[in-house]
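Summary of structural features
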Amino acid sequence: MINKELLKNIIIDTKTQIKKVKLNKRNIFFENSMPYVLVGLRRVGKSYLLYQRIYELIDQGISWESILFINFEDERLIGFDSSDFNLLLEAHYELNNNIEPILFLDEIQNINGWEKFARRMADSKHLIYITGSNAKIFSKEIASILGGRFFIKEIFPYSLKEYLKANNFSFTNEKLYSTNGKSTFLSLYNDYFYYGGLPEICNLTLKREYLNSIFQTIYLGDIALRNNIKNSEALLFLTKKLAESVRQPISITRLTNLIKSIGLKVGKQTILQYLEYMKQSYLIFDIKNINSSFESKITNPKYYFYDTGILNLFLINQNPAILENLIAIYLINNAKNKNSVFFYKDNIEIDFYIPETKQAIQVAYSISAQETLEREVNALLKFNKFKKCNKLNIITYDEEKTLNINNITIDIIPAWKFITQ
């Protein structure tokens, strides 16, 4: 049974634990006066970002007495319902001399009716920060549930710089160009390339097993169970085909036919629904062709995974696909709007085009073969004739040079350098 004394114990215990947390500070900005909901892939570090935000507020002069953090996965809160939120506030006020709380509500989806309390707190100008499991909370749903009162912040896996920092590697020229430093960097970069940037992966030896368990939770829990999908075999096969198709646009019709070819009964509308569920769970995202009709943009995009480690579960010796996916993650994470990154396909193919900066990008794992280099260079030169670009880039795994062709500069950049600039 929930009572005020129990809530006081939980509030004190949780605050004590937070004060012991060692943070790997991420470069994520919060407006001081706005409430937030954090969304993103499972295990991407949303809860730790709440801790980071608490420490930022403490550094700004906010007292610990103002902090009210509750993790609703605490087994002591079994039986907590929406009517107990007021009791929670009362417990905080009694513990902290009636100081108004800044609320941090972690895994709030466990409480039915939480959204009414969240709206009420936001309307009364309380600062409130919320995270929730993607099994029950998605950004599209939140926008309507909370009526525009909250900033919705998408949290990505670690960038390469964050991954290096989490592994106690200082990213400096002195380190990069020393023999030992270069060796350590290459080892960490290799791990990041193949196993992705979920924060907990840094400290694990059995990285692939961990990633498989995360995928199973997303696939079975966040997508299949939540959406009452009976044909989970078709969903799994669809995920595999999307992974194998990274780098190429793929149509709904082709995906449907591929699944039918193995004897599974599925229609186009079902595939469209599955894809939407996968996007809502932050498993995949899409990039559209800037040179296509509205209908084609919707039905014939390129699909990428939010984490290269999860993508790599489905691939064998597909380094070019992993490399392009890595660049796609970086571009949408750093774009003002993730829908402002495109590809181009007509008579030529350009892997990525960002209209805001007029930047065209080709991704080639290696350009050591002359025909590969010529293909990528010619595509950029042709594209530049009708879409005048400020930047033309070829991103490789580890090759670097600058080409000047008829006064047009093409910078060939190693992926690690591109995604740490």
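Above: the structure in question.
The sections below set out a description of the structure shown in this document. On a predicted model such as this, the values are computed, not experimentally measured, just so you know.

**Here we look at the pattern of salt bridges**
- All told, the structure shown has 23 salt bridges when counted by the stated rule.
- For Glu56, the salt bridge is made with Lys25, and the minimal N-O distance between the two is 2.9 Å. Pair noted here: Glu56 is in helix α2 (residues 46-59) and Lys25 is in the loop between α1 (4-18) and β1 (36-40), with a separation of 31 residues, a long-range link.
- As a salt-bridge pair, Arg76 and Asp74 come within 2.9 Å of each other at their nearest N and O atoms.
- According to the relative accessible area criterion, Arg76 is partly exposed, its value standing at 30%.

**Looking at the side chain of Glu162**
- Position of Glu162 relative to the elements: it lies in helix α6 (residues 160-166).
- Aside from chain neighbours lying at most four places away, what touches Glu162 is Asn24, Arg26, Asn27 and Pro157.

**Brief notes about helix α10 (residues 232-244)**
- Here α10 contains 13 residues, and its C-alpha end-to-end distance of 19 Å stays within 8% of the 18 Å for a straight helix at 1.5 Å per residue.
- Buried within α10 we find Ala234, Leu235, Phe237, Leu238, Thr239, Lys241, Leu242 and Ala243.
- In this structure, the buried side of α10 is in contact with α9 (207-225), α11 (252-260), α12 (268-280), β6 (284-289), β7 (302-305) and α14 (308-312).

**So, the sheet that holds strand β9 (residues 349-354)**
- Spatial ordering of the open sheet is given by β7-β6-β8-β9-β10-β11-β13-β12, a layout of eight strands whose pairing is mixed. Looking at strand neighbours, the two that pair on one side only are β7 and β12 (401-405), the edges of this open sheet. Across the sheet, the mean angle from the axis of one strand to that of its neighbour is 30°, orientation sign disregarded.
- Strand direction decides the pairing type here: β12 and strand β13 (residues 408-414), joined by five bridges, are antiparallel. Paired with Thr402 across the bridge in β13 is Asp411.
- Against the sheet, α12 makes contact with β6 and β7, and its axis sits at roughly 115° relative to β6, the strand it touches most.
- Each of β8 (342-345), β9, β10 (359-363), β11 (391-396), β12 and β13 is contacted by helix α16 (residues 370-386), which is oriented at about 160° to β10, the strand it contacts most.

**A look at the nonpolar core**
- Of all hydrophobic cores here, the largest spans 132 residues; its most connected members are Leu242, Ile310 and Phe352.
- Counting residues per element, this core draws most heavily on helix α15 (residues 319-334), which supplies 10 residues.
- Counting residues in hydrophobic clusters, the runner-up holds 19 residues, among them Ala364, Val377, Ala379 and Leu380.

**Some remarks on the sheet that holds strand β2 (residues 67-71)**
- A sheet is described by the order of its strands in space; here five strands give the open sequence β2-β3-β4-β1-β5, paired in parallel fashion. For this open sheet the edge positions go to β2 and β5 (151-155), each flanked by a neighbour on one side alone. Averaged over all pairs of adjacent strands, the angle between strand axes in this sheet comes to 15°, irrespective of strand direction.
- Sheet analysis places β2 next to strand β3 (residues 102-106), joined by five bridges and oriented parallel. When the sheet's bridge partners are listed, Asn71 is paired in β3 with Asp106.
- Its contacts with the sheet put α2 on β1, β2, β3, β4 (128-131) and β5, and the angle it makes with β3 is roughly 165°.
- In the packing of helix α4 (residues 114-123) onto the sheet, the strands contacted are β3 and β4, and the crossing angle to β4 comes to about 155°.

**Structural notes on the packing of helix α3 (residues 85-95) against α4**
- Packing of α3 against α4 brings their axes to within 11 Å, and their N-to-C directions diverge by 50°. By the angle between their axes, α3 is oblique relative to α4. Contacts between α3 and α4 involve Phe85, Asn86 and Leu89 on the former and, on the latter, Trp114, Phe117, Arg120 and Met121.
- Its residues assigned to classes, the contact of α3 with α4 comprises five nonpolar, one polar and one charged.

**Some thoughts on unusual backbone geometry**
- Although it is not a glycine, Asn98 sits at a positive phi angle of roughly 60°.
- Its location among the elements puts Asn98 in the loop between α3 and β3.
- We classify Asn98 as exposed; its relative accessible area is 61%.
- A positive phi angle, near 60°, is found at Asn168, a position not held by glycine.
- Note on placement: Asn168 falls in the loop between α6 and α7 (173-176).

**Comments concerning the pairing of β6**
- Within β6, six of the six residues are buried, which leaves the element mostly enclosed by the surrounding structure.
- Relative to β7, β6 is paired through four bridges, and the arrangement is antiparallel. When the sheet's bridge partners are listed, Asp286 is paired in β7 with Tyr303.
- Pairing of β6 with β8 involves two bridges; the strand directions are parallel. Within β8, the position partnered with Asn289 by the bridge is Phe343.

Here is what the cut-offs are and how they apply
Sequence order as written defines the numbering, with residues in each chain counted from 1. In keeping with the predicted nature of the model, local features appear solely for residues at pLDDT of at least 70, side-chain atom pairs appear and are counted solely at 80 or more, and the whole-chain, interface and lining totals rest on all residues. Excluded from the side-chain calculation are hydrogens and water; included are all heavy atoms of the structure. Put simply, a salt bridge is a Lys or Arg side-chain nitrogen that is within 4 Å of an Asp or Glu carboxyl oxygen. Numbering goes from the N terminus for both helices and strands, where a helix is a DSSP run of H or I of at least four residues and a strand is a run of E of at least two. Summary of the burial criterion: residues with accessible area below 20% of their type's maximum are buried, those above 50% are exposed, and those between are partly exposed, where the area comes from a 1.4 Å probe applied to protein chains only. We call two residues contacting when some pair of their heavy atoms lies within 4.5 Å. One fewer than the residue count of a helix, multiplied by 1.5 Å, yields its expected span. Strands are labelled as partners when DSSP assigns at least two bridges between them. The convention used is that axes are lines fitted to C-alpha atoms, helices contributing only their stretch in contact, and that angles between N-to-C directions extend from 0 to 180 degrees. Working definition of a nonpolar core: buried Ala, Val, Leu, Ile, Met, Phe, Trp, Tyr and Cys residues. They are joined through side-chain atoms within 4.5 Å. In these notes the angle categories are as follows: under 35 degrees is roughly parallel, over 145 is roughly antiparallel, 65 to 115 is roughly perpendicular, and the rest is oblique. Polar here means any residue outside two lists: the nonpolar Ala, Val, Leu, Ile, Met, Phe, Trp, Tyr, Cys and Pro, and the charged Asp, Glu, Lys and Arg; Gly therefore counts as polar.

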